[in-house]
Structure formats: structure tokens, C-alpha cells
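# Close look at the chain arrangement
Listed here are the chains, written in short residue letters.
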Amino acid sequence: MLLHDGDNILGRSRAADFVLGDRSVSQQHACVHVGPRGMVIADLGSATGTAVNGRAVTEDVRIMSGDVITLGSVRLRLLDGVFHATPHRHRWPDVVHN
């Protein structure tokens, strides 16, 4: 999942920029903003929370290559501006880029 400049919405909704087909992910779960100063992630009031490297996101958090982002039970690794799904519970999440 290649991030674009500006806001990137991650969630279960088909209207999200990146659709994550997992019931633990809220319709609009988190937003990654990509700007000239780097990338920042914010939780959008999700029911199951967002974490960066195991730490809960309670305010905007700067993210960088190598970070592991957890949305509900879905784990994504950020490498050079691209999210890569990582297996959880021995299965890969369904990820769709709109």
C-alpha cells in the first residue's frame, strides 16, 4: 500500500484510501498524513485502537520506515512509504488500495 501526499485514511469502509478487510478495524480507523516534514498517524476514534511499535496512539505520532502499525488486530509494517501487511493469527489481512 503506497502512501500518497496528504491524508491517507485506513479503515474497513470502502470509502477509505486503504480498505482493511478485518472486523477488528473500524470503518475509518486511522489517518496517515504525509507532508514535507514526514509522516504522522492519528487514530480516528476507532473502537479497537491504533498502536505504533506497541504503543497506543492517543495523539498524533510521527512514523518512519521500519515502524509497525497495529489497527485492531491488523499489523502493517511501514517501509520506505509503503505499508506491508504482516501475518497475524496465521493469516494475512485483506488489503485493498482505492
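Residues numbered from 1 in each chain as written. Predicted model: local features only at pLDDT ≥ 70, side-chain atom pairs only at ≥ 80, totals over all residues. Heavy atoms only, no water.

### Description of the overall build of the protein
- Of the regular secondary structure elements, the protein holds zero helices and 11 strands.
- Order of helices (α) and strands (β) in the protein, N terminus to C terminus: β-β-β-β-β-β-β-β-β-β-β.
- For the protein, the proportion of its 98 residues judged to be buried stands at 45%.
- By sequence separation, contacts in the protein at least 24 residues apart represent 32% of the contacts at least 6 residues apart.
- Only carbon and sulfur atoms are counted for the fraction: they give 51% of the accessible area of the protein, which is about 5,600 Å². (Helix = DSSP H or I, 4+ residues; strand = E, 2+ residues; numbered from the N terminus. Buried < 20%, exposed > 50% of the residue type's maximum accessible area, 1.4 Å probe, protein only. Contact = heavy atoms within 4.5 Å. Areas by Shrake-Rupley, 256 points an atom, 1.4 Å probe, with all protein chains shown as cover.)

### Here we look at the pairing of strand 9 (residues 74-79)
- Only one face of strand 9 is covered, namely the one carrying Val-74, Leu-76 and Leu-78; the face carrying Arg-75, Arg-77 and Leu-79 has none of its residues buried.
- Inspection of the sheet shows strand 8 (residues 68-71) paired to strand 9 by four bridges, in the antiparallel sense. Within the sheet, the bridge partner assigned to Ile-69 lies in strand 9 and is Leu-76.
- The antiparallel pairing of strand 8 with strand 9 creates a hairpin that spans two residues between the two strands, and Gly-72 there sits at a positive phi of about 60 degrees. (Pairing = 2+ DSSP bridges.)

### Quick look at the environment of Val-34
- Tracing the backbone through its elements, the reader meets Val-34 in strand 3 (residues 30-35).
- Each C-alpha atom, one on Val-34 and one on Asp-7, is 6.5 Å from the other, the two residues being 27 residues apart in sequence.
- The residues touching Val-34, leaving out its near neighbours within four places in the chain, are Leu-3, His-4, Asp-5, Gly-6, Asn-8 and Met-39.

### Looking at the nonpolar core
- Grouped together as the largest cluster of nonpolar side chains are 20 residues, with contacts concentrated most on Leu-10, Val-32, Ile-63 and Phe-83.
- Secondary structure elements with two or more residues in this core: strand 2 (18-20), strand 3, strand 4 (38-43), strand 8 and strand 9. (Core = buried A, V, L, I, M, F, W, Y, C linked by side-chain atoms within 4.5 Å.)

### Overview of unusual backbone geometry
- Of note, the phi angle at Asn-53 is positive, near 50 degrees, even though the residue is not glycine.
- Checked against the element boundaries, Asn-53 lands in the loop between strand 5 (50-52) and strand 6 (55-56).
- Although it is not a glycine, Asp-80 adopts a positive phi angle of roughly 50 degrees.
- If you trace the backbone, Asp-80 turns up in the loop between strand 9 and strand 10 (82-86).
- Using a relative accessible area of 69% as the deciding quantity, one classes Asp-80 as exposed.

### Considerations on the side chain of His-29
- Within the secondary structure, His-29 sits in the loop between strand 2 and strand 3.
- Ignoring sequence-local partners within four residues, the contact set of His-29 consists of Leu-10, Gly-11, Ser-24, Asp-43, Leu-44, Ser-46, Thr-48, Gly-49, Thr-50, Leu-71 and Gly-72.

### Focus on the environment of Gly-72
- In this structure, Gly-72 sits in the loop between strand 8 and strand 9.
- A sequence separation of 24 residues divides Gly-72 from Thr-48, and the C-alpha atoms of the two residues are 4.9 Å apart.

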